Amino acid sequence: MCGIFAYLNYRVPRTRKEIFETLVKGLQRLEYRGYDSAGVAVDGPNSNEKNSSICLVKKRGKVKALDEELYKQDSMDLEAELDTHFGIAHTRWATHGVPSAVNSHPHRSDKNNEFVVIHNGIITNYKELKKYLQTKGYEFESETDTEVIPKLIKYVFDNWKSEYVSFSSLVERVIQQLEGAFALVFKSIHYPGEAIATRRGSPLLIGVRSKFDLSTEEIPITYNNSTFKHENNENDANRKQRLNSLTCLYSVGDLKAVEYYFASDASAIIEHTNKVIYLEDDDIAAVAEGKLSIHRMNRLAGDDSSRAIQTLQMEMQQIMKGNFKAFMQKEIFEQPESVVNTMRGRVCFENNTVILGGLKDHLKEIKRCRRLIVIGCGTSFHAAVATRQILEELTELPVMVELASDFLDRNTPVFRDDVCFFISQSGETADTLMALRYCKDRGALTVGVTNTVGSSICRETSCGIHINAGPEIGVASTKAYTSQFVAFVMFGLMMSEDRISLQKRRLEIISSLQALPGQIKAVLALDSKIKELADELYKQRSLLVMGRGFNYATCLEGALKIKEITYMHSEGILAGELKHGPLALIDKHMPVIMIIVRDACYTKCQNALQQVIARQGCPIIICSEDDPECMKNAYKTIEIPHTVDCLQGILSVIPLQLMSFHLAVLRGYDVDCPRNLAKSVTVE
């Protein structure tokens, strides 16, 4: 969804141009998340501690347009060197109000820009807050839910009873009034060089960089605003002297020089530093005089007493396109390596064993459960559908696969002897997170399956599987899907290790996993042939994808990819349901892709093929190599290597990923940033 990036340099001289470049580059790293407008807030010209001002620059459209607008600010001396400065930047994905400069972030408290804020998430009680503030004389200029936040902090500031109030205290008072999900970063002319960040339900992390050693590797959490609780009647000089170094992170160099980076995603920080702190819900992080402290309003049982500095394992080349036209194309072609990374250290092909370290300590409890519930959204849901059949076979347990939003709408019964899996590439998907908390409240064992270390789902589940697919930048998920697929197959293999009756089946699957990377490379070699088919199809308005058995999920996922990035109507159809309605759509003008491979459903799929041909359909068939029956009846074929039935869906989905990519390019669309969509869906 929206993207947050902010940069604070404390006693690290930077020109205004360098600060602009850092902020814009941070936003560019977040472009993949989806957005429609962007903006920044920086110190105005001639700002200092005694006379501070804030300049807002906002623009509808791409970050590039914002970058151009920044250099049109005649009042700004780009070569002016700023010893200490705090700038905030944001990419907005419209939820309340149309895409426009007025509705984009940062939002301001008043025409003097006394307080400005950037926000990811949705404030659900904004109408009540807005109505109240309007009765107090505050005027609103946008249609957004976010604008109530800077107006509210201005109201609290204006009505504070004592002479001095800390920035942190103001924010604490404000977030107590907010309902919904948010990640917030605040800047104010009343607190120059200070930054406040907080979150609830939306991700936020802080990167730290210094040439000198840092004071600590763990920041102790303070409670009830204890760092500031006696300062309301103190003057500013005393407050600065009294800041408690024992509860802060700071540089121990002579000048205390340090830089802080605030972001909603690690990809915006990695080029600057790999040292990060992940904020938890209701943390309030404050930077003053170059010192970072974290406090919370209440202490709950089981809360960690500190936030540790973690080291990002990501590398810069992982978030660059390289020689590819788009991130999605790069990620499709990375799948031979990404599935190997998912299996690395977990599958031992020499002795045919599978060990998932994240689940090892809970394996006995999982084996005793009454059922497995797998919950996800979009592509993650399809990965669960794709592996449901093999999980039921290998675990001999009933497996429910649920869309997170529907699961919550139904108030689905969940019991203490259930095991619930929560599958999400980002680990921040709002509906999946809410389903996780719903299941935890009912005592179920919770298992996370994510691609992002340190994500909310990682932290809130009892145990989990990290799929190790590497950063996925394209909005349309590709390599994460195949890695999620492999992760669930590995889970089934681990669960069935002591089942004598299943040993032959297990060996067949493990042997096929070993051959899988090479077979994926063979499918990717068909790229030019798939592009030729796309040349014939790109002007069509609709496309049907049919299959059954293990390949039904492939149809759903392939149709979703085509919808996401080509904007064609596309539908994944269970071939067994053809006579129950979809057959009415078939004629010589309707493009049809069918998946027919040599598995238990082969004969049934051949029957469906005959029904399509009888209605003058011209099917393109994804089939196994050397299948004369399919070749005889197909308009065109895409021949893929044969593997064990439960893994065939990995090989059959790749031609559809490539097809969707080429269709989108031919139709002239932005493959990595499709309209109206976002990579990480952090609101309901």
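Residues numbered from 1 in each chain as written. Predicted model: local features only at pLDDT ≥ 70, side-chain atom pairs only at ≥ 80, totals over all residues. Heavy atoms only, no water.

**Student:** Any details on the state of the cysteines? Residues and values, ideally.
**Tutor:** Across all of its chains, the model carries zero disulfides by this definition. This cysteine, C369, is not joined by any disulfide, and C420 carries the nearest cysteine sulfur, 9.2 Å off. On the basis of relative accessibility, which here comes to 8%, the residue C369 falls in the buried class. Here C555 is not cross-linked by a disulfide; its sulfur's nearest cysteine counterpart is in C605, at 8.4 Å. (Disulfide = S-S within 2.5 Å. Buried < 20%, exposed > 50% of the residue type's maximum accessible area, 1.4 Å probe, protein only.)

**Student:** For the packing of helix α10 (residues 378-395) against helix α17 (residues 552-566), give the residues involved together with the corresponding values.
**Tutor:** It is at 8 Å that the axes of α10 and α17 come closest, and there the two elements cross at 165°. If you check the angle between α10 and α17, you find them roughly antiparallel. Crossing of α10 against α17: the hand is left-handed. Listed contacts from α17 to G378, T379, H382, V385 and A386 of α10 are Y552, A553, L556, E557, L560 and K561. Broken down by class, the residue content of the contact of α10 with α17 amounts to six nonpolar, three polar and two charged. (Axes fitted to C-alpha atoms, helices over the stretch in contact; angles between N-to-C directions. Helix = DSSP H or I, 4+ residues; strand = E, 2+ residues; numbered from the N terminus. Parallel < 35°, antiparallel > 145°, perpendicular 65-115°, else oblique. Left-handed = near helix turned anticlockwise from the far one by under 90°. Contact = heavy atoms within 4.5 Å. Nonpolar A, V, L, I, M, F, W, Y, C, P; charged D, E, K, R; others polar.)

**Student:** Lay out the sheet that holds strand β28 (residues 592-596) with the relevant residues and their values.
**Tutor:** Strand order in the open sheet formed by five strands is β27-β26-β28-β29-β30, with parallel pairing between adjacent strands. Pairing within the sheet leaves two strands with one partner each, and these edge strands are β27 (569-574) and β30 (636-640). The average angle at which neighbouring strand axes cross in this sheet is 20°, direction not considered. As defined by bridge partners, strand β26 (residues 542-547) adjoins β27 across six bridges and the pair is classed as parallel. Bridging from a neighbouring strand, G547 pairs with L574 of β27. Lying on the sheet, helix α18 (residues 602-614) is in contact with β26, β28 and β29 (619-624); it crosses β28 at an angle near 160°. (Pairing = 2+ DSSP bridges.)

**Student:** Mind laying out the packing of aromatic side chains, listing which residues take part and the relevant values?
**Tutor:** Under the definition given, this model contains 16 aromatic pairs. On the numbers, 5.8 Å between centres and 65° between planes, the contact of F86 with F262 is edge-to-face. In this pair, F86 is assigned in strand β6 (residues 85-92) and F262 in strand β13 (residues 258-263), connecting sequence segments 176 residues apart. As far as burial versus exposure is concerned, F86 and F262 are alike and both buried. Residues Y132 and Y155 carry aromatic rings whose centres are separated by 5.7 Å and whose planes lie at 90° to one another, so their mutual orientation is edge-to-face. Residue Y132 is located in helix α3 (residues 126-135), and its partner Y155 is located in helix α4 (residues 148-158); the two are separated by 23 residues in the primary sequence. Looking at Y155, the relative accessible area reads 18%, which means it is buried. These aromatic residues form a ring-pair network of at least three members: F115, F157, F167, F186 and Y191. A cation over a ring is seen here: K291 above Y250, with NZ or CZ 5.3 Å from the ring centre. (Phe/Tyr/Trp six-rings, centres within 6.5 Å; stacked < 30°, edge-to-face > 60°. Lys NZ or Arg CZ within 6 Å of the ring centre and 35° of its normal.)

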